[in-house]
Structures are given as structure tokens and as C-alpha cells.
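Residue-level structural notes
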Amino acid sequence: MLKIDNLAAQVEDKVILRGLNLDVKAGEVHAIMGPNGAGKSTLGHVLAGRAGYEVTGGSADFDGQSLFDLEPEERAQAGLFLAFQYPVEIPGVSNMEFLKASVDAVRASRGQEALSSMDFIKLAREKCQAVDLPQDFLKRGVNEGFSGGEKKRNELLQMMLLEPKLCILDETDSGLDIDALQVVANGVNALRSPDRAMIVVTHYQRLLDYIVPDYVHVLAKGKIVKSGGRELALELEKQGYGWIDEEVA
Amino acid sequence: MSENIDQYLKSEYAAGWTTDVESLTIPPGLNEDVIRLISAKKQEPEWMLEWRLQAFRAWLEMEEPNWAHVKYAKPDFQSLSYYSSPKSMEERPKSLDEVDPELLRTYEKLGIPVHEQEVLAGVAVDMVFDSVSVGTTFREKLKDAGVIFCSISEAIQEYPELVKKYLGSVVPQKDNFYAALNSAVFSDGSFVYIPKGVRCPMELSTYFRINEAKTGQFERTLLIADEGSHVSYLEGCTAPMRDENQLHAAVVELVALDDAEIKYSTVQNWYPGNEEGEGGIFNFVTKRGMAHNRSKISWTQVETGSAVTWKYPSCILKGDDSIGEFYSVALTSNYQQADTGTKMIHLGKNTRSTIIAKGISAKRSENAYRGLVRMNPGAEGARNYTQCDSLLIGDQCGAHTFPYIESKNPTAVIEHEATTSKVSDDQLFLCQQRGIDPEKAVSMIVNGFCKEVFKELPMEFAVEAGKLLEVSLEGAVG
Amino acid sequence: MAVVSMQAQNAHQQLQAATDWNWLSNWRALGWERFSNTPWPTRKTEDWKYTPLRSLTNTDWQLAAPSGDAQGVDFDDWSRMTLTLVDGQLVDHDALPEGVSVRLLSKADAQTRGDFEQRLSRTLAGERQLFNVFNQAMLTEAVWIEIAPGTVLDKPLHLNQVISSAATERVIPVRVLVDVGDRAEATLVETFSNDASGAVFINPVTELQLAANARLRHYHLLLEEGDVRHLGSVHASLGGYANLDSFHMALGGTLKRKDLVVEHNGSGAELTLNGVYLPRGQEHIDYHTTLEHCVPHCTSSEVFRGIVADRAKAVFNGRIHIHKDAQKTLAELSNKNLLTSHQAEVDTKPELEIYADDVKCAHGATVAQRDDSALFYFLARGIRREEAEVMLNFAFINELLDGLADAPVRDLLQPLLRERFAQGAALEPLA
């Protein structure tokens, strides 16, 4: 589904990714772990097409399309979903309006008709319940005044509504207590399916207790330096990231 | 404000003495004959005289501006003398060795390095005394690098093509009332030309001294940085303590051609008048730079002197990707009034400007920031950031902010912020309680407040500026 | 002197000839004297630097003769008390509750005349602003609303000012006086709208006087469209611990200029002053606000935002003036602007003038495109760039509307806002 080949990228003249390779197939869950500053968040932003994140080499193929030829919204419409580490607050746009605009756009790109307002509201309320967000969050400004956990649940809500092919979860566990983490993880697990892939970016092993990955990759100094199964994460937990640096050096 | 703060605000103006030299001062008054006389004394070519007369005729039609937030008795232009020169300068000395030692001592006493062998001599100095330049150090060394640094009078004679091409190109003769007056009667000032691709090997500086009573000083500075060149220029000013107000109306023009960089720093310490607000310099100055493609003009000023300041060092960002900067500390005490700021005119694409202005008002002074940021229709992708902060010391002073923001381009981004704060008795008490004397405490607070600007000054100047603030604030706590 | 004053002089003289009320005649004469002695603004007149008055001088304005018929703004089922002024004349009003009185200059008996004389002499005595003194010179009607001390109104007062199509080429000067007594609480909604298609010149002055501890929620909404010039002002005086929450909106019209002046005259007074301007086409909107902090311990918070489209122009001047003894003042001003076209223009000047040291004052002004991270969030959810920009522009203004305490006002304004940003279906209201 996603094949990243020798990807290099920089942010404001600072090289962050240096030849990253990754192959993700439908139905798989890949965890990307690594020390701070390894380029974990950059990877998500580069794939989603954030301005200022410049691709300087390599390619990324997403379902037969070259990802970097697409605008950010086209990538989203094609089924790539980035769950943000720090979702931005947008006062003045209600969450409901935002969600409908987003769902309409994605449906339109799939040749589906827009949902009627009534149907959409019903659907949104249903999903709200599933992620344990009170319904009045739909009327509030996008992420406006939400707690850290509420913002993450709002990301999850969007993910459920958009039904993407590939989900990239960027440090979804940051700032969450155990209860909130469990709610989010349950939501993510419910979305696991044979046609859907996930990339879970995290610094801590703890999230992987709840979202169990098929593969674990270690990202350091801008490339994947080690790949393995679930056990690699546990090893990292035990030994920390220090030994990675030694190995890479 | 409390008695407490006030007693620390009493200060002596350290540069207030006079030099006892015999001067030739022309009688007061202003008319075409006076202008012809100035031009003749300088042995100027005909075109220069014509240019002056044009400016004078325009000036006669103009009115003194009154929009600034300052109040003062308008100068009587007929009671001023427009030219004063030490007698020993009548025959222009050929080198520094021939200059009257009494004149050089004036600068030594002010801490200016006049001998090239001195330790602080990494700086080349042009010394302007009343209406004439008495000498310029390091001319030969600079010449080796192709840099021209001399008085503007000499430049008019020796480099007429450069002067003709650029004089008035940034500040036209009729630009404003004081610029027109300056264009008509300017007596001396500095001229700098940095050739293509040259990085000027040392700091250049001009030191202005008004000595004679009842004279005005009207100097003119023209600085041209040719393509890809780089120069840092410093300017300092002082004057004796006198009861009457003296007029200083200068014009500074900077031209930064493609890829050039000019850093222009000023420490202005003109006599500010006494504690009752008597005397002091009226400082009505027009400073402006023209920035061509990818060039950068940076103004840094520390203004502690003058009774009245009216000054807006500006940048016309004409070339694409050009950069303008303005860093300013303006301190007013006693009855001083300052209306100062900058104009950033964005014409080119992706032009950028930064304005950091710090105003400190103490005692009964009035301190205003006045600025203009203009995005013209062509300023695609241009950016401005402005920060104006005021610090009030005592409740008898005024601190004001008048930023004009004009945008005609939807892709340009302008951000302006302003805040006020104060030095309070509580802060001082805390410092005292921790064993710091209030004078030191005020100076610490003020220096911290000004840090962002001081770091833009060349090293030697930054130290001097800090000290100058300290002296100007002595007794300001009160 | 401009043409406008030549025609105005005739109107003024006709007015003067038609009244037997000596005091009023003198009062107008004073206004006329000040108007005619004020130099006509040019580009060099600081207060009018960015707002040329060409569109005022090209019409032969007559004083309005009341004859029109128009509805104005209807708040549907909002329970309220409405006073409707058509072309500057009060034509209708709902029953008034206890503690509220309304008196008219045009229908004043001897007793009321005396009261008006005192009231009008008291306010704006030193006034020089060009269109306030014009209003004084031309005054034909003043509506004086008094809310007695201690009265707490449970329904809003709606002052529905509307211009009929009969008012073409008319000048309509109206003065509204609102006095809120000690501890009284009220909501006042002023709407300005028009049925007219022809040129009109509206010159309203509103004076709000809040006694100590009074609370007023105030809306001043300039919704006229078409060939309208609206030049007017709102002056508010706040007593000790009084609280004024005032919201302003301007859209439509050829030229709109509003001077808002709030004086803090009693310690502990609080002000919230917010506003929105949305010129498009060739419209020109100019807000000049002045906060006079005359006494210590008062608070002001001011937020104005504008979006300028097409070939339109917006002007904002926000002055905060802290007088010498106004220690412990807290005053903040924010002005943000968006330009959405290469022919649009905005000129803004936030000013601080401070003569007291123990104060916290700050202002900020921006002219910019929206936040890039917000835009990326929209794009990352598959929303088209154009649509995302429309939604963000809408949000930029809607943020202020969302904060309005009275839902019916929000419901009146939001559709107008949506209509202005109508490209995206996403702006349909969703429950």
C-alpha cells in the first residue's frame, strides 16, 4: 500500500530524513520508534505534505500513485490520514462544520454523494459516542479549549468518519493518561481491518501494549536502523535508545 | 513618582564643556547670499551651488511640520549662523599632523581614537567640528581596499560623478522642511563609497561635535555600498551645555546596491538641556536608505540626548528580497521630548523588515514612537514584524505609540505589538532589600529592557551605550 | 469650504426659521458655527487621512421630509421592545415597561424642553468632530431613552432605524440618548438598515450614559446596503463600576465611518468593545475608536477584526489614552485584518498615549493571511484549499459572533456573514 524508497527530507535547510525505506502492506500495523529528534514526526508531516517539509530525494508510492505529486488534500482524499500529535485549535469553525466539509470532500473524491445534513449529524453523534466525546463537542470550535485527551479523541472521531486506507498516528499517546490511552487504543483497534494499514509513531513502548504491531522499526538519525517484530519494542523498553546510537555509529 | 526614584535621576551631562579655539563664524541670517558664501568657502563647483539654491527656493515655500508629538518654540532661522569653522581650518590641513592639537584634544577628551596607533584604533574616524571636517583617520589604509572615506566637501571636489549620481537620490531636496533646509546650507559630513564585492576592513565612524554658540549644524552623510559590498558605520554626537537651543538638521542617505549590506549605528548624546528644560539641541534629522535586490540595511540607534528629537531612519525596500531593520532605544528625561521611529516602505517581492523600538521615559519627558509600515501592491510575500515597548519611570512622563500600518497586498504579512511597563517602587525596594542600590537596580532593569537593541551594536558601542544610559538615568529614579 | 456645507447651510437656515424654540435654535447655531469653521478634511487631516469624503460632496443633499414606509430589521420571535424610526422619525413603538421612558425632541412640551436643554448641554460640550457638530447643526429629532435606577429589564430594547426609499438624496441626522440609571441593567440593540435604492446620507449620533453600577449590553449594527453614506458616532460615559459590553458590525454601503468614544469617568468601570467590518466591492468602512481612561482602576478590552475583499478599503484607528491620574488601568486592544484580493486595502493605526506609569496597556495589530497550521489541518482532512480558506475566513469573523451573549443577534448576523463567504457549502449551519 505504501512503499517508501530512500526518502530524504529537510525542514528549513536542516536535513532530517536521510534515506528512509519502509514497505507497508494492507492489513499491517507498523510501529516506528526512536529517540527524540530522530525524525519521527517529520515522517508523518512529509507524507501528509505539510508546507516547509521539503522532500530532497527518494520516493513514496501510495496505492500506485506517487505521493509527492499530490497536494495535501488530494493525499487525504486518496485515503491517507495523519492523526496529529498537537491538533491545532480553530475557533470560529464548529467541529460539526469542519467534519462535514471533510467527509463531503473525501466522499466526493470517491465519487460518492454528499450525506444529507440529517444523516451526517446522526452519523457524527454515533461516532462521538464511540470515542466517548460528549455531543456538545460537535458544536464547539474545532479543538477549541479541548483537553489533550479530548483532542486525541477528536482525531480518532475524524479517522472513524473518513475511513482512510492508511492511518499514521503521530505520538498519539503523548499527554494521555492510562484511561484515555485505553479509549483511544480501543478506537484504533476497532478500525484495524484487512484493507487498512497503520503506522504508529511513538517514543514509548507502552502504547504498543494496547495497539499491538506486526512490525517494529527503529528510526534514528533520519533512517530505519533496525526492524523486527513485537519483541524489538520490548527490547527497546529494557535497554533504552543508547545502544542504537552505538550501533549506528 | 516617589522622591526615592527622583533623587537617582539627577545627572551631569559629561560632554558639556567647550573647546577654546578661535572660530570664523559668519553672521546670523539666511538668504541666497549666505548659501553662495558657504558654497564659495567650500570652493564648490557651480552645479553644487545650483543644487543648493534649488533646495533653498523650495524651502521658502514649505511649512515647518507640526504633526509630531513635540512642543517647542520654532527656531528663528534668521538668528542662526549657518557656517562656523575653527580659524586653523581655513587652510585645509593636508594630514592629521597639521591639525590644530587643540581640536584633536577635543575628540580625545570625548574618548574618540584620533591617533591611528591607538589600541581602539580598529575604527576609522571622520571628525566633524561645527561646520567642517577636521580630519579623517586611516584614509590610506582604506584606500588600499578601494574604500573611499572622506568629508563630503572633499568628495564633491574629488568624486563629483559619484556625488552627482547619488546625492538627493534617496532624500530628495524637497523631501521635507528640514531636509530642504539641509540641502540648501549643509556644510560638511561624511562620504563613504564601498566598491563592488568589498568587505570594508574596519568600522567607519563619524563623530559630530557642535562647539560654537548660536550656530546650527547641518551635516550631510552619503554612503554608497556597491554590489555585494559590506560596511558597518558608527555615528556619535555631543555638544556643550548652552542655555539657548541649538539646531541640528542632518540628512543621511544610504544606498545599498544589489547584495550589499549596510549597518548604520548611532549613539546620539547631544546636550539635552538642563533639569528645568532650558537649552539643548533640536535634533531634526532625515535618515533614509534605499535597498536594492537582496541587499540589507540595518539602522541601530541609541538616543539619549537632545531637547527635542524628530527622527525616523527609514528603509525603502525597493529590490526583491531586500531587508530593512530598525533597532532603537530612545531615552528621555527631564523635559526632553522625542518623536522617533521608522518607515519601512515595501515595494519589492519577499522584502522583509523588523522593527524593535524601546522607549524609556523618566521625569517630565515625552517619548513617542511613530512608525509606518507600508506594503505596496507589488510587495508579494513581504513580511514585517514590529515590537514597540515603553518603560515609564515615574508618573509625570508620557509614553506614546503611533504606528501607521498600510497594506495593499493580500500576501503580505504585518505583525505589530506594543506594550508598556514601569520601574516601580516595589521593584526597587525588593532590590534594595537584597542589597542592590536603587541606581544599580534601575540600570539593570533598563539594560535588560534594551538588551535586544544593544546586541545589534558593535561591541565597543554597546558598552558605551550601556554606560550612557546609566549616566542619563542618574537621578532618574525619583 | 466644501460643497456639502453650501447646501447644508440652506437646510440649516430653513430649520432655524421653522422653530420657535430659542434654545434649540442657539444650540444648532453653535453646531453650525463649529461645522463651518472646521476646515474640510483632506489627506493631510490626521483623522481623515485614509477616508476621503468625495462621495459626500457630489450630491445635492436635502433634509429628510418624513414620508417613507419601511420595516427594518425583524428579530422574529425574540421577545423584545422595539422602537422603529423610519427616515429619522419615530413611527412606532411597543409598550414600555415600568422604569423606562422615551421622550422625543420633536414632541417636547415645556417641561421636556427644559430637560432636553440640560441633557444636550451636558454632553459633548467641547465637541469638534465634524459630523457630530453637523448633527448638532441639523438636529431635527432626538430620541431620549431613560432607564430608571435599579430597573432590570428582562427584554432587550430594539432601536430599529430604517431608511425608506422615499429618502433618496436626503440627509438624516438623528440623535439617540440613552441614560442607564444607577444599578439598572439593560440590553440595547441598535440596527441600521435601508429599503432605499437611491443615495442617502445618514448622520446618527448615539450617546450612552451609564450611571454608577449600571450595566448595558449594546449592539450597534450598520447593515445598510447600496448607495449609503453613514457618518456617525457613539459616545459612552461610564460611571463607577459601570459595565458596558458593546458590539459593532459594519458591512455594505458606499462609505461608513463610525467614531466610538468611551470615557471611563468613574473608578472600577469596565468596558468590552468588539467589532467586525466586512467591506467588499468598492465599499469603504472606517472605525475610529478612542478609549479615554480619565480615572484609576478601570478596564478596557477591545477586539476589532475585518476582512477586506475586492476593491474595498477598511480603515481602523484605535486610540487608548491614559490620563495622568488613571493609575492601575488595564487596557488592551487587538486589531486583525485579512485582505482577500490584490485590489483591497487596509490602513490601521493602534495608538497608545500614556501619562500614568502604573498601568498595563498593550495593543497588537496584524494584517495577514490565516494561520498556516490551521490551513494544513484542513488540507490534511481532504478539504479543498479554496474551501478551507473560505472556512477559515469565516471563522476569523465568526469567532467574535460566537461570543455574543444574545443568540437572536447572532442568528441575525451569521446568515449575513455566511452569505458573504458563500462559496463553500460547508458553511451551511448544522445543528
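Residues numbered from 1 in each chain as written. Chains lettered and ligands numbered in written order. Predicted model: local features only at pLDDT ≥ 70, side-chain atom pairs only at ≥ 80, totals over all residues. Heavy atoms only, no water.

Things to note about the interface of chain C and chain B
By a widely used convention, the size of an interface equals the accessible area lost when the partners come together. Taken residue by residue, the interface counts 35 residues in chain C and 32 residues in chain B. Summed over both partners, the interface of chain C with chain B comes to about 2800 Å²; 51% of that surface belongs to carbon and sulfur atoms. Inspection of the region where chain C meets chain B yields three salt bridges. Ionic pairing is found between K422 of chain B and D358 of chain C, a salt bridge with its closest N-O pair at 3.9 Å. Connecting chain C to chain B are 14 residue pairs in polar contact (both at pLDDT 80 or more). Among the elements of the structure, β19 (345-354) and β20 (360-367) of chain C are those that each provide at least two residues to the side of chain C that touches chain B. No other element matches β19 of chain C, which puts ten residues into the side of chain C that touches chain B. (Contact = heavy atoms within 4.5 Å. Buried area = accessible area lost by both parts, 1.4 Å probe. Salt bridge = Lys/Arg side-chain N within 4 Å of Asp/Glu carboxyl O. Polar contact = N/O pair within 3.5 Å; in protein donor to acceptor, adjacent residues only side chain to side chain. Helix = DSSP H or I, 4+ residues; strand = E, 2+ residues; numbered from the N terminus.)

Description of the nonpolar core
In summary, soluble globular proteins display a tendency toward joint burial of nonpolar side chains. Core analysis: the biggest nonpolar cluster contains 112 residues, and L204 of chain B together with I147, L208, L210 and Y287 of chain C have the highest contact counts within it. Element by element, the count of residues in this core is highest for strand β7 (residues 170-180) of chain C, at five residues. Excluding its chain neighbours within four sequence positions, the residues that come into contact with L204 of chain B are A124, L142, F149, V192, I194, V231, S232, Y233 and L234 of chain B. (Core = buried A, V, L, I, M, F, W, Y, C linked by side-chain atoms within 4.5 Å. Buried < 20%, exposed > 50% of the residue type's maximum accessible area, 1.4 Å probe, protein only.)

Details of the sheet that holds strand β5 (residues 65-66) of chain A
All names here are of chain A. The antiparallel open sheet is built from four strands, whose spatial order is β2-β1-β4-β5. Because the sheet does not close on itself, it has two edges, and the strands there are β2 (14-24) and β5. Relative to β2, strand β1 (residues 2-11) runs antiparallel, the two being bridged by eight bridges. Paired with K3 across the two strands is D23, which belongs to β2. Across the face of the sheet, helix α1 (residues 40-48) comes into contact with β1, β2 and β4 (53-62) while running at roughly 105° to β1. (Pairing = 2+ DSSP bridges. Axes fitted to C-alpha atoms, helices over the stretch in contact; angles between N-to-C directions.)

Some thoughts on the sheet that holds strand β3 (residues 29-33) of chain A
Residue and element names in this part refer to chain A. Across the sheet, which stays open at both edges, the six strands sit in the order β6-β9-β10-β3-β11-β12 with mixed pairing between neighbours. On the outer flanks of this sheet lie β6 (80-83) and β12 (223-228), each paired with one strand and no other. Taking the axes of each pair of neighbouring strands and ignoring which way they run, one obtains an average angle of 20° across the sheet. Bridge count for strand β9 (residues 166-170) against strand β10 (residues 197-202) is five bridges, and the pairing is parallel. Among the inter-strand pairings, C167 is bridged to a residue of β10, identified as M198. Against the sheet, α1 makes contact with β3, β6, β9, β10 and β11 (215-220), and its axis sits at roughly 145° relative to β6, the strand it touches most.

Brief notes about the interface of chain A and chain C
Contact with chain A, which involves 36 residues of that partner, is made by 28 residues of chain C. Here chain A and chain C share an interface that buries about 2500 Å² over both sides, 67% of which is from carbon and sulfur atoms. Taken together, the links from chain A to chain C amount to two salt bridges. Notably, a salt bridge pairs E71 of chain A with R385 of chain C, separated by 4.0 Å at the nearest N-O pair. Viewed at the interface, chain C and chain A are joined by nine residue pairs in polar contact (both at pLDDT 80 or more).

Some thoughts on unusual backbone geometry
Phi at E163 of chain A is positive, roughly 45°, even though this residue is not glycine. Positionally, E163 of chain A belongs in the loop between α5 (148-162) and β9. Look at E163 of chain A and you get partly exposed, because its relative accessible area is 47%. We note that N213 of chain C has phi near 65°; this positive angle belongs to a residue other than glycine. With respect to the helices and strands, the residue N213 of chain C is situated in the loop between β9 (200-210) and β10 (215-222).

Quick word on helix α4 (residues 110-122) of chain C
Residues and elements named next belong to chain C. Here α4 is 13 residues long and its end C-alpha atoms lie 19 Å apart, about the 18 Å a rise of 1.5 Å per residue gives. Three or more residues of α4 are buried, namely T112, F116, R119 and L120. Taken around the axis of α4, the buried residues stretch over an arc of 90°, which confines them to a single face. The exposed set on the far side of α4, more than 90 degrees from its buried face, consists of A110, Q111 and Q118. Where α4 is buried, its residues meet α2 (22-37), β4 (100-104), β5 (141-147), β7 and β9. (Expected span 1.5 Å × (residues − 1). Arc of directions from axis to C-beta.)

A look at the arrangement of the chains
Ranked by contact count, the leading pair among the two pairs of chains in contact consists of chains B and C. As for chain B relative to chain A, no contact occurs, and the smallest C-alpha gap between them is 15 Å.

Focus: the side chain of H346 of chain B
Residues and elements named next belong to chain B. Within the element layout of this structure, H346 appears in strand β18 (residues 337-346). Relative accessible area serves as the criterion here: at 0%, H346 is assigned to the buried category. Leaving out residues up to four positions away in the same chain, H346 has contacts with L317, T351, R352, S353, V373, R374, M375, N376, A379, A382, R383 and N384.

Things to note about the side chain of T420 of chain B
Topologically, T420 of chain B is positioned in strand β23 (residues 413-422). By relative accessible area, T420 of chain B is classed as buried at 10%. If we ignore the near neighbours within four places in the chain, the residues touching T420 of chain B are S390 and L392 of chain B together with L352, I354, V359, K360 and C361 of chain C.

Overview of α5 of chain A
All names here are of chain A. Over its 15 residues, α5 runs 21 Å from end to end, which matches the ideal 21 Å to within 8%, given 1.5 Å per residue. Across the 15 residues of α5, 13 count as buried, placing the element largely inside the fold. Immediately beyond the C-terminal end of α5, within one or two residues, lies E163, with a positive phi of roughly 45°.

Considerations on the packing of helix α4 (residues 117-130) of chain A against α5 of chain A
Residues and elements named next belong to chain A. Two elements in contact, α4 and α5, have axes separated by 9 Å at closest approach and are oriented at 130°. Between α4 and α5, the interaxial angle falls into the category oblique. Viewed along their axes, α4 and α5 form a crossing whose handedness is right-handed. The residues of α5 that touch α4, namely those facing L123, A124, K127, C128 and A130, are L157, M160 and L161. (Parallel < 35°, antiparallel > 145°, perpendicular 65-115°, else oblique. Left-handed = near helix turned anticlockwise from the far one by under 90°.)

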